[in-house]
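# Report on the structure
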Amino acid sequence: MRDFAIPRAEHRRPNPVATDPNALAQGREAFLARCAVCHGVDGRGATEIGATQYPRVPDLRSAPTQRLSDGDIHYIIENGVQLSGMPAMPGAHAETDAESWNLVAYVRSFRSPAPAEAATQLQIASSAHYVGSEVCQKCHAAIYVRWKQTPMANVVRDPRQHPDAIIPDLNSNNVARFSLDQVAFVYGSKWKQRYFTKIGDDYYPLPAQWDVGNRKWLKYHVPDTGADWWAAYYPSDNFQRPTGPTCDGCHSVNYDIHSKQPTEWNVGCERCHGPGSEHVAHPARTNILNPAQMDDVASDDTCIACHSQGRPRSGLIGGKAYDWPVGYHAGLRLVDYWKLDEITLGQTDFSHFADGTAHKNRMQGNDFVQSVMYRHGVTCATCHDVHGTGNDAQLRLPPDKLCLDCHQPGSPNGPHSATLEEHTHHKTGSAGSECIACHMPKIETEGVPGSFVRSHTFQFITPAMTEKYKMPNPCTSCHAGKTTAWATTELEKWSNVSPWRVGN
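An account of the accompanying structure is given in this report. (Residues numbered from 1 in each chain as written. Predicted model: local features only at pLDDT ≥ 70, side-chain atom pairs only at ≥ 80, totals over all residues. Heavy atoms only, no water.)

## Notes on the nonpolar core
Counting 28 residues, the largest nonpolar core has Phe31, Leu32, Ile73, Ile77 and Leu103 as the members making the most contacts within it. Elements that contribute at least two residues to this core include exactly α2 (21-39), α4 (70-79) and α5 (98-109). With 6 residues, the single largest contributor to this core is α2. Excluding residues that lie within four positions of it along the chain, Phe31 makes contacts with Ala36, His39, Gly40, Val41, Gly43, Leu60, Leu103, Tyr106 and Phe110. In this structure, Val156, Ile257, Trp324 and Val326 belong to the second largest nonpolar core, which totals 16 residues. (Core = buried A, V, L, I, M, F, W, Y, C linked by side-chain atoms within 4.5 Å. Buried < 20%, exposed > 50% of the residue type's maximum accessible area, 1.4 Å probe, protein only. Helix = DSSP H or I, 4+ residues; strand = E, 2+ residues; numbered from the N terminus. Contact = heavy atoms within 4.5 Å.)

## Re α2
Compared with an ideal rise of 1.5 Å per residue, which puts 19 residues at 27 Å, α2 spans 22 Å between its outermost C-alpha atoms and falls more than 12% short. At Ala33, α2 shows its largest bend, some 50°. Every buried residue belonging to α2 is among Ala23, Gly27, Ala30, Phe31, Leu32, Cys35, Ala36 and His39, and all of these are buried. The secondary structure elements touched by the buried residues of α2 are α5. Between a side-chain oxygen at the N-terminus of α2 and the backbone nitrogen of Asn22 the separation is 2.9 Å; the capping residue is Asp20. Downstream of α2 by one or two residues, Gly40 has phi in the positive range, about 80°. (Expected span 1.5 Å × (residues − 1). Bend = angle between axes of the 7 residues up to and from the residue. Polar contact = N/O pair within 3.5 Å; in protein donor to acceptor, adjacent residues only side chain to side chain.)

## Brief notes about the packing of aromatic side chains
One pass over the full model with this rule turns up 19 aromatic pairs. For the pair Tyr328 and Tyr337, a centre-to-centre distance of 6.3 Å together with 65° between the ring planes defines the contact as edge-to-face. Centre to centre, the rings of Phe368 and Tyr374 are 5.5 Å apart; their planes meet at 80°, and the pair counts as edge-to-face. The same class applies to Phe368 as to Tyr374, namely buried. (Phe/Tyr/Trp six-rings, centres within 6.5 Å; stacked < 30°, edge-to-face > 60°.)

## Section: the state of the cysteines
Taken as a whole and judged by the stated rule, the model has 1 disulfide. Across a sulfur-sulfur distance of 2.4 Å, Cys250 and Cys306 are joined as a disulfide pair. Torsion about the S-S bond of the Cys250 and Cys306 cystine: about -95°, corresponding to left-handed handedness. With Cys250 in the loop between α8 (243-248) and β7 (252-253) and Cys306 in the loop between α11 (296-304) and β9 (310-312), this pair connects stretches of sequence that are 56 residues apart. Cysteine Cys403 is unpaired, with the sulfur of Cys435 as its nearest cysteine sulfur at 4.1 Å. Left unpaired, Cys475 is separated from the closest cysteine sulfur, that of Cys438, by 6.1 Å. The class for Cys475 is buried, based on a relative accessible area of 14%. (Disulfide = S-S within 2.5 Å.)

## Structural notes on the pairing of strand β11 (residues 442-445)
Within a regular beta strand, the side chains point alternately toward one face of the sheet and then the other, so they alternate between its two faces. With 3 bridges joining them, β11 and strand β12 (residues 452-454) adopt antiparallel strand pairing. When the sheet's bridge partners are listed, Lys442 is paired in β12 with Arg454. Between β11 and β12, which follow one another and run antiparallel, lie 6 residues, and Gly447 among them has a positive phi close to 100°. (Pairing = 2+ DSSP bridges.)

Now the structure itself:
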């Protein structure tokens, strides 16, 4: 009946912004703000409302939806669907209906490749060759410019090409001196900076690192025991621990373990999109991989491959311990190549706190796969845009705006309170009212004193858990000098929070 109600003239209307990347981005924001409460962040309709509505909320990824023309989808957005839960879009009949066309563009982006298309993409990914990110610039100039400013594009830099890459004065190094001539690559710039030297055809870490936050030199040596698993398979000397097996596979595109060379240093376009030779020769949607059009597991795998602690499923490769998933590339099943570090509940070790939350850096993936967000189809790209943004951690929006797109007070997704202040018990705009303050505390070490990244389990760690598991909680981390007993007493005063969740 819905389809019969759409006028023929509307059916034939093309989307005037179908190929506009800005329209797609704006459509995404509108979708998350207006539509996701019923359709879900992933468009599948597997939400509290979507599962209980009759007629059921449609899966926007499905063939019946994607077979609709752009004009059909536009008409439905503007006019709603009678006798269903689909309302007309407020203000859609204004002089300009740009927002509704933006939404059409975003809904169209949910289209998953047909089985034949997916098979073609994987076949091309296996036969095409890597061409480097600079080739992508010709057609994707705006994205390329943004990406060039990101940490992804600048993880590893050659000081001869980038004289400003080295942050400290090397002459101030009184920990383990080395000269500029010894530095082949500089790694990192946000929390710490490390330095690789080249011996033969391998790179090795020099024994001193710069602590960016505290502006001081520190020793750099991975402990022989009690730290990274791979250390047991190498001599203690840094100059006998090549970065190829331990680092370079994630800091480059298409690193070859035999030639010890990548196609490109840093995290370039083809790291996530696969080899691009066919796409460059014949630009088409069907001959390049796009995590945005993959299912949520495959999309997240492109990030988890490097943002996780684990080890190759095949064990040692050529007698060497590799700390990255050798053989995996975008589009494959990461689980076939990589095993995440095991969690021993009740025990704090090098990689995990006793409750399973990550303990060290580069473990966002280990955290995320445990989360409710992951189970509901939220992906890394729901929050982050690795092409580059003006926000910290390449977030698409400032943190609270991002969270409140889906978690407005009173929404089915929670929080189940009339206002944000009733949920947080902190004044709006204060540090304690930020969603990430409680649900993503900075407790995972970046390897130098005082540098921490945020947890990605999204669980609230209570003061009682600090007592039981000896792990930090957001209450006493923020209220320095206060005790866990004080924090528990305060939480028990919150009438909208069950005492069973905070004190036991």
